[in-house]
Amino acid sequence: MEEQGAGLAKRLGTLLSGLLECMCFAGVIFGWASLVYVLKDMHYFEELCVPAANGTGNGTQGPDCRAQDEQLSLVFTVGSFMNNFMTFPTGYIFDRFGTVPARLLAISLYTGGTLLIAFSTAATALILFPAMCLLSIGGILLILTNMQVGNLFGKHRSTIITLYNGAFDSSSAVFLVVKLLYEHGLTLRAMFLFLSACSAWHLTRTFFLMPRWHIPYPLPPGYTYGLRCQRQGCSYRTHEEQRPGLGDGAHEPSDPCSEPGLGDADASKALKGKGRAGQVPAPNSSSASWGPTQDTPPKTPSAPAAPMAPSKPPKSPSTPAAPMTSSEPLQILLHS
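Notes on the structure follow. On a predicted model such as this, the values are computed, not experimentally measured, just so you know.

Counting residues in each nonpolar core, the largest one holds 35 residues, and the members touching the most others are Trp32, Leu35, Leu188 and Phe192. Secondary structure elements with two or more residues in this core: helix H2 (32–41), helix H3 (66–85), helix H5 (99–118), helix H6 (128–147), helix H8 (173–183) and helix H9 (188–197). Sequence-distant contacts of Trp32, defined by excluding residues within four places in its chain, comprise Leu39, Leu72, Val75, Phe76, Leu128, Met132 and Phe175.

And the structure:
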(Lines give C-alpha, C1' and ligand atoms only; values in the text may rest on other atoms or scores of the structure.)
Protein backbone atom coordinates (compact mmCIF):
# COMPACT_ATOMS: atom_id res chain seq x y z
CA MET A 1 0.00 0.00 0.00
CA GLU A 2 2.85 2.39 0.82
CA GLU A 3 4.53 1.63 -2.50
CA GLN A 4 1.31 2.37 -4.37
CA GLY A 5 0.97 5.68 -2.52
CA ALA A 6 4.56 6.61 -3.31
CA GLY A 7 4.05 5.68 -6.96
CA LEU A 8 0.92 7.84 -7.18
CA ALA A 9 2.72 10.77 -5.54
CA LYS A 10 5.58 10.42 -8.03
CA ARG A 11 3.18 10.40 -10.98
CA LEU A 12 1.37 13.47 -9.69
CA GLY A 13 4.73 15.19 -9.21
CA THR A 14 5.64 14.32 -12.80
CA LEU A 15 2.33 15.68 -14.05
CA LEU A 16 2.41 18.97 -12.15
CA SER A 17 6.09 19.67 -12.79
CA GLY A 18 5.56 18.91 -16.48
CA LEU A 19 2.66 21.36 -16.64
CA LEU A 20 4.83 24.03 -15.03
CA GLU A 21 7.65 23.29 -17.45
CA CYS A 22 5.43 23.58 -20.52
CA MET A 23 3.67 26.68 -19.18
CA CYS A 24 6.89 28.58 -18.49
CA PHE A 25 9.28 27.43 -21.20
CA ALA A 26 7.88 25.43 -24.13
CA GLY A 27 6.09 28.03 -26.27
CA VAL A 28 7.50 31.37 -25.13
CA ILE A 29 8.11 32.48 -28.72
CA PHE A 30 4.38 33.10 -29.22
CA GLY A 31 4.59 36.01 -26.78
CA TRP A 32 6.94 37.81 -29.15
CA ALA A 33 4.73 40.91 -29.36
CA SER A 34 5.43 41.71 -25.71
CA LEU A 35 9.17 41.22 -26.14
CA VAL A 36 9.23 43.56 -29.14
CA TYR A 37 8.35 46.45 -26.82
CA VAL A 38 11.47 45.73 -24.76
CA LEU A 39 13.69 45.30 -27.82
CA LYS A 40 12.56 48.59 -29.34
CA ASP A 41 13.20 50.38 -26.07
CA MET A 42 16.72 48.93 -26.10
CA HIS A 43 17.19 50.23 -29.68
CA TYR A 44 17.41 46.88 -31.46
CA PHE A 45 17.54 47.43 -35.26
CA GLU A 46 17.08 51.15 -34.67
CA GLU A 47 19.60 51.90 -37.42
CA LEU A 48 16.94 50.85 -39.91
CA CYS A 49 14.78 53.84 -38.99
CA VAL A 50 14.98 56.79 -41.40
CA PRO A 51 13.80 60.39 -40.99
CA ALA A 52 10.34 61.12 -42.25
CA ALA A 53 10.26 62.16 -45.89
CA ASN A 54 7.55 64.82 -45.47
CA GLY A 55 8.17 66.50 -42.16
CA THR A 56 5.63 69.03 -40.86
CA GLY A 57 6.48 72.49 -39.77
CA ASN A 58 6.09 71.83 -36.08
CA GLY A 59 8.49 68.86 -36.25
CA THR A 60 6.25 66.47 -34.31
CA GLN A 61 6.50 63.65 -36.84
CA GLY A 62 9.00 60.99 -35.82
CA PRO A 63 11.30 58.84 -37.97
CA ASP A 64 9.99 56.12 -40.23
CA CYS A 65 10.72 52.78 -38.48
CA ARG A 66 8.83 50.44 -40.76
CA ALA A 67 12.07 48.67 -41.69
CA GLN A 68 12.75 48.06 -37.99
CA ASP A 69 9.28 46.58 -37.52
CA GLU A 70 9.76 44.36 -40.56
CA GLN A 71 13.07 43.08 -39.24
CA LEU A 72 11.59 42.26 -35.85
CA SER A 73 8.65 40.56 -37.55
CA LEU A 74 11.11 38.52 -39.61
CA VAL A 75 12.75 37.28 -36.42
CA PHE A 76 9.38 36.01 -35.19
CA THR A 77 8.55 34.49 -38.59
CA VAL A 78 11.79 32.51 -38.71
CA GLY A 79 11.41 31.37 -35.12
CA SER A 80 7.79 30.24 -35.51
CA PHE A 81 8.68 28.49 -38.78
CA MET A 82 11.40 26.50 -37.03
CA ASN A 83 8.92 25.63 -34.27
CA ASN A 84 6.69 23.86 -36.78
CA PHE A 85 9.24 22.67 -39.31
CA MET A 86 11.42 20.91 -36.73
CA THR A 87 8.52 18.91 -35.32
CA PHE A 88 9.25 15.91 -37.54
CA PRO A 89 13.06 15.76 -36.93
CA THR A 90 12.63 16.24 -33.19
CA GLY A 91 9.93 13.57 -33.10
CA TYR A 92 12.29 11.15 -34.83
CA ILE A 93 15.03 11.97 -32.31
CA PHE A 94 12.61 11.29 -29.48
CA ASP A 95 11.48 7.95 -30.96
CA ARG A 96 14.98 6.85 -31.92
CA PHE A 97 17.02 7.78 -28.85
CA GLY A 98 14.46 7.93 -26.04
CA THR A 99 13.44 10.53 -23.49
CA VAL A 100 16.71 11.37 -21.74
CA PRO A 101 18.83 12.11 -24.86
CA ALA A 102 15.98 14.13 -26.39
CA ARG A 103 15.53 16.18 -23.25
CA LEU A 104 19.26 16.79 -22.87
CA LEU A 105 19.31 18.10 -26.43
CA ALA A 106 16.27 20.28 -25.71
CA ILE A 107 17.84 21.72 -22.56
CA SER A 108 21.08 22.48 -24.41
CA LEU A 109 19.27 24.27 -27.24
CA TYR A 110 16.98 26.19 -24.91
CA THR A 111 19.82 27.30 -22.64
CA GLY A 112 21.85 28.38 -25.65
CA GLY A 113 18.95 30.50 -26.91
CA THR A 114 18.38 32.24 -23.58
CA LEU A 115 22.09 32.95 -23.18
CA LEU A 116 22.27 34.48 -26.67
CA ILE A 117 19.41 36.84 -25.86
CA ALA A 118 20.89 37.66 -22.45
CA PHE A 119 24.23 38.77 -23.90
CA SER A 120 22.87 40.40 -27.03
CA THR A 121 22.94 44.16 -27.55
CA ALA A 122 21.63 46.61 -30.09
CA ALA A 123 24.93 46.28 -31.96
CA THR A 124 24.56 42.50 -32.17
CA ALA A 125 20.82 42.40 -32.79
CA LEU A 126 21.20 39.75 -35.52
CA ILE A 127 21.85 37.24 -32.72
CA LEU A 128 18.07 37.24 -32.23
CA PHE A 129 17.63 35.03 -35.31
CA PRO A 130 19.56 31.99 -34.04
CA ALA A 131 18.42 32.67 -30.47
CA MET A 132 14.72 32.45 -31.29
CA CYS A 133 15.32 29.36 -33.46
CA LEU A 134 17.04 27.63 -30.54
CA LEU A 135 14.20 28.59 -28.19
CA SER A 136 11.64 27.21 -30.63
CA ILE A 137 13.37 23.86 -31.22
CA GLY A 138 14.13 23.37 -27.54
CA GLY A 139 10.56 24.21 -26.59
CA ILE A 140 8.98 21.78 -29.06
CA LEU A 141 11.27 19.00 -27.80
CA LEU A 142 10.25 19.73 -24.21
CA ILE A 143 6.56 19.37 -24.93
CA LEU A 144 7.11 16.25 -27.07
CA THR A 145 8.82 14.48 -24.20
CA ASN A 146 6.08 15.58 -21.77
CA MET A 147 3.17 14.35 -23.89
CA GLN A 148 3.85 10.76 -22.85
CA VAL A 149 3.09 11.59 -19.22
CA GLY A 150 -0.57 11.04 -20.08
CA ASN A 151 0.18 7.31 -20.37
CA LEU A 152 0.69 7.19 -16.60
CA PHE A 153 -2.97 7.97 -15.93
CA GLY A 154 -4.80 5.33 -17.96
CA LYS A 155 -8.29 6.44 -18.97
CA HIS A 156 -7.40 10.10 -18.23
CA ARG A 157 -4.69 10.01 -20.88
CA SER A 158 -6.47 12.31 -23.34
CA THR A 159 -7.26 14.84 -20.62
CA ILE A 160 -3.60 15.04 -19.61
CA ILE A 161 -2.45 15.53 -23.19
CA THR A 162 -5.01 18.33 -23.61
CA LEU A 163 -3.71 20.00 -20.45
CA TYR A 164 -0.18 19.93 -21.80
CA ASN A 165 -1.29 21.48 -25.08
CA GLY A 166 -3.02 24.25 -23.17
CA ALA A 167 0.08 24.83 -21.04
CA PHE A 168 2.19 25.05 -24.20
CA ASP A 169 -0.03 27.80 -25.63
CA SER A 170 -0.22 29.60 -22.28
CA SER A 171 3.56 29.96 -22.15
CA SER A 172 3.24 32.98 -24.46
CA ALA A 173 2.54 34.97 -21.27
CA VAL A 174 6.19 34.60 -20.20
CA PHE A 175 7.34 37.44 -22.46
CA LEU A 176 4.47 39.55 -21.10
CA VAL A 177 5.91 39.00 -17.62
CA VAL A 178 9.34 39.97 -19.00
CA LYS A 179 7.85 43.21 -20.33
CA LEU A 180 6.20 44.05 -17.01
CA LEU A 181 9.36 43.33 -15.03
CA TYR A 182 11.38 45.43 -17.48
CA GLU A 183 9.06 48.34 -16.85
CA HIS A 184 9.71 47.92 -13.12
CA GLY A 185 13.46 48.18 -13.52
CA LEU A 186 14.77 44.66 -14.20
CA THR A 187 17.17 44.31 -17.10
CA LEU A 188 16.65 41.96 -20.02
CA ARG A 189 19.98 40.28 -19.29
CA ALA A 190 19.06 39.48 -15.68
CA MET A 191 15.73 37.95 -16.65
CA PHE A 192 17.14 35.75 -19.39
CA LEU A 193 20.02 34.67 -17.19
CA PHE A 194 17.39 33.51 -14.72
CA LEU A 195 15.68 31.52 -17.50
CA SER A 196 19.07 29.98 -18.31
CA ALA A 197 19.56 28.98 -14.68
CA CYS A 198 16.23 27.16 -14.79
CA SER A 199 18.02 24.47 -16.81
CA ALA A 200 18.87 22.91 -13.44
CA TRP A 201 15.12 22.38 -12.98
CA HIS A 202 14.87 20.70 -16.37
CA LEU A 203 17.80 18.42 -15.60
CA THR A 204 16.24 17.40 -12.27
CA ARG A 205 13.02 16.41 -13.99
CA THR A 206 14.93 14.56 -16.69
CA PHE A 207 16.76 12.23 -14.32
CA PHE A 208 14.27 11.83 -11.48
CA LEU A 209 10.78 12.31 -12.92
CA MET A 210 11.10 11.08 -16.51
CA PRO A 211 11.80 7.62 -18.01
CA ARG A 212 14.98 6.63 -19.80
CA TRP A 213 13.11 5.47 -22.89
CA HIS A 214 9.35 5.90 -23.25
CA ILE A 215 6.30 5.52 -21.04
CA PRO A 216 4.32 2.60 -22.52
CA TYR A 217 0.57 2.46 -22.94
CA PRO A 218 -1.00 0.55 -21.35
CA LEU A 219 1.41 0.40 -18.43
CA PRO A 220 2.90 -3.03 -17.60
CA PRO A 221 2.48 -4.30 -14.01
CA GLY A 222 4.94 -2.76 -11.58
CA TYR A 223 6.17 -0.11 -14.02
CA THR A 224 8.58 2.42 -12.51
CA TYR A 225 10.72 5.17 -13.94
CA GLY A 226 13.31 7.71 -12.92
CA LEU A 227 16.93 7.51 -11.84
CA ARG A 228 16.33 5.01 -9.02
CA CYS A 229 13.71 2.82 -10.59
CA GLN A 230 13.12 -0.73 -9.47
CA ARG A 231 14.17 -3.64 -11.62
CA GLN A 232 10.63 -4.44 -12.63
CA GLY A 233 9.61 -2.18 -15.43
CA CYS A 234 12.45 0.35 -15.35
CA SER A 235 13.90 1.63 -18.64
CA TYR A 236 10.98 0.09 -20.47
CA ARG A 237 11.42 -0.48 -24.18
CA THR A 238 8.76 -1.42 -26.64
CA HIS A 239 8.94 -4.71 -28.51
CA GLU A 240 10.20 -2.88 -31.57
CA GLU A 241 13.04 -1.31 -29.59
CA GLN A 242 14.02 -4.67 -28.12
CA ARG A 243 14.47 -6.27 -31.53
CA PRO A 244 18.05 -6.34 -32.86
CA GLY A 245 18.83 -3.55 -35.28
CA LEU A 246 16.06 -1.26 -34.03
CA GLY A 247 15.92 1.27 -31.25
CA ASP A 248 19.35 2.23 -30.03
CA GLY A 249 20.81 -1.24 -30.12
CA ALA A 250 20.18 -4.95 -29.84
CA HIS A 251 18.16 -6.45 -27.05
CA GLU A 252 20.37 -7.27 -24.09
CA PRO A 253 19.12 -10.27 -22.11
CA SER A 254 21.55 -9.56 -19.27
CA ASP A 255 19.89 -6.21 -18.55
CA PRO A 256 17.29 -6.76 -15.80
CA CYS A 257 15.36 -3.78 -17.13
CA SER A 258 15.21 -4.98 -20.73
CA GLU A 259 12.21 -7.23 -20.10
CA PRO A 260 9.57 -5.49 -17.97
CA GLY A 261 7.96 -7.53 -15.24
CA LEU A 262 10.77 -10.09 -15.04
CA GLY A 263 13.32 -9.81 -12.25
CA ASP A 264 16.66 -11.53 -11.91
CA ALA A 265 15.28 -14.44 -9.89
CA ASP A 266 12.35 -14.96 -12.24
CA ALA A 267 14.60 -14.73 -15.28
CA SER A 268 17.02 -17.33 -13.87
CA LYS A 269 14.14 -19.67 -13.05
CA ALA A 270 12.79 -19.25 -16.54
CA LEU A 271 16.19 -20.00 -18.06
CA LYS A 272 16.60 -23.09 -15.88
CA GLY A 273 13.15 -24.26 -16.86
CA LYS A 274 14.03 -23.83 -20.50
CA GLY A 275 17.22 -25.82 -19.97
CA ARG A 276 15.40 -28.70 -18.28
CA ALA A 277 12.80 -28.71 -20.96
CA GLY A 278 15.55 -29.04 -23.54
CA GLN A 279 17.26 -31.92 -21.72
CA VAL A 280 14.18 -34.14 -21.37
CA PRO A 281 12.94 -35.25 -24.77
CA ALA A 282 9.29 -35.13 -25.59
CA PRO A 283 7.41 -38.47 -25.37
CA ASN A 284 6.46 -38.46 -29.05
CA SER A 285 9.68 -36.94 -30.35
CA SER A 286 10.97 -40.00 -32.22
CA SER A 287 10.55 -43.73 -32.19
CA ALA A 288 14.32 -44.31 -31.96
CA SER A 289 14.52 -42.65 -28.54
CA TRP A 290 11.73 -44.68 -27.00
CA GLY A 291 11.77 -47.90 -28.96
CA PRO A 292 12.46 -51.30 -27.41
CA THR A 293 15.71 -51.77 -29.34
CA GLN A 294 17.62 -49.14 -27.34
CA ASP A 295 20.88 -50.82 -26.24
CA THR A 296 22.65 -48.25 -24.04
CA PRO A 297 21.38 -48.07 -20.44
CA PRO A 298 21.48 -44.83 -18.49
CA LYS A 299 24.87 -44.09 -16.96
CA THR A 300 23.64 -42.78 -13.62
CA PRO A 301 24.22 -45.20 -10.67
CA SER A 302 20.73 -44.76 -9.27
CA ALA A 303 18.97 -45.17 -12.59
CA PRO A 304 16.96 -48.35 -13.20
CA ALA A 305 17.64 -50.75 -15.96
CA ALA A 306 15.11 -49.22 -18.31
CA PRO A 307 15.52 -45.53 -19.25
CA MET A 308 13.28 -43.19 -17.29
CA ALA A 309 10.63 -41.35 -19.19
CA PRO A 310 8.19 -38.66 -18.05
CA SER A 311 5.35 -40.70 -19.47
CA LYS A 312 5.16 -44.07 -21.16
CA PRO A 313 4.26 -43.89 -24.79
CA PRO A 314 1.31 -46.01 -25.82
CA LYS A 315 2.39 -49.47 -26.93
CA SER A 316 1.43 -50.38 -30.39
CA PRO A 317 -0.20 -53.83 -30.63
CA SER A 318 1.91 -54.58 -33.66
CA THR A 319 5.21 -53.95 -31.85
CA PRO A 320 7.16 -57.21 -31.39
CA ALA A 321 8.77 -58.19 -28.12
CA ALA A 322 12.23 -56.87 -27.48
CA PRO A 323 14.96 -59.36 -28.33
CA MET A 324 17.66 -60.31 -25.88
CA THR A 325 20.57 -57.91 -26.15
CA SER A 326 24.10 -58.15 -24.93
CA SER A 327 23.50 -55.53 -22.23
CA GLU A 328 20.73 -57.45 -20.40
CA PRO A 329 23.07 -59.83 -18.46
CA LEU A 330 24.90 -56.71 -17.21
CA GLN A 331 21.60 -55.21 -16.07
CA ILE A 332 20.64 -58.42 -14.21
CA LEU A 333 24.03 -58.42 -12.50
CA LEU A 334 23.59 -54.80 -11.39
CA HIS A 335 20.16 -55.58 -9.91
CA SER A 336 21.51 -58.52 -7.98
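Structure's up, so let's keep going.
So, on to the pattern of salt bridges. Taken as a whole, this structure holds 5 salt bridges when the rule is applied. The residue Arg103 makes a salt bridge to Glu21 at a minimum N-O spacing of 2.8 Å. Note that Arg103 is positioned in helix H5 and Glu21 in helix H1 (residues 2–26), a separation of 82 residues in sequence. Residue Arg103 is classed as buried on the basis of its relative accessible area, which comes to 0%. A relative accessible area of 0% places Glu21 in the buried class. Arg66 is the salt-bridge partner of Asp64, the closest N and O atoms lying 2.9 Å from each other. Among the residues examined, Asp64 registers a relative accessible area of 25% and is labelled partly exposed.

Taken N-terminus to C-terminus, the directions of H5 and helix H10 (residues 199–208) make an angle of 180°; their axes are 10 Å apart at the nearest point. The orientation of H5 with respect to H10, classified from their angle, is roughly antiparallel. Listed contacts from H10 to Val100, Arg103, Leu104, Ile107 and Thr111 of H5 are Ser199, His202, Leu203, Arg205, Thr206 and Phe207. In terms of residue class, the contact of H5 with H10 is built from 5 nonpolar, 4 polar and 2 charged.

What counts, and where the lines are drawn
- All residue numbers refer to positions counted from 1 along the written sequence of the respective chain.
- In view of the model being predicted, local features appear only for residues whose pLDDT reaches at least 70, and side-chain atom pairs are presented and counted only at 80 or more, with totals across whole chains, interfaces and linings using the full set of residues.
- Side-chain metrics in this entry use all non-hydrogen atoms of the structure; hydrogen atoms and water are not considered.
- Among buried residues, those of type Ala, Val, Leu, Ile, Met, Phe, Trp, Tyr and Cys that are joined through side-chain atoms within 4.5 Å constitute a nonpolar core.
- Accessibility here uses a 1.4 Å probe with only protein chains present; expressed as a share of the type maximum, an area under 20% marks a residue as buried, one over 50% as exposed, and anything in between as partly exposed.
- Where helices and strands are cited, they refer to DSSP runs of H or I of at least four residues and of E of at least two residues respectively, numbered from the N terminus.
- By definition, residues are in contact when any of their heavy atoms lie within 4.5 Å.
- For this document, the term salt bridge refers to a Lys or Arg side-chain nitrogen within 4 Å of an Asp or Glu carboxyl oxygen.
- Lines are fitted to the C-alpha atoms to define the axes, a helix being fitted only along its stretch in contact, and any angle between axes, read from their N-to-C directions, falls within 0 to 180 degrees.
- Under this scheme an angle from 65 to 115 degrees is roughly perpendicular, one under 35 degrees roughly parallel, and one over 145 degrees roughly antiparallel; angles in between are oblique.
- Under the grouping applied here, Gly and all other residues not named as nonpolar or charged are polar, the nonpolar ones being Ala, Val, Leu, Ile, Met, Phe, Trp, Tyr, Cys and Pro and the charged ones Asp, Glu, Lys and Arg.

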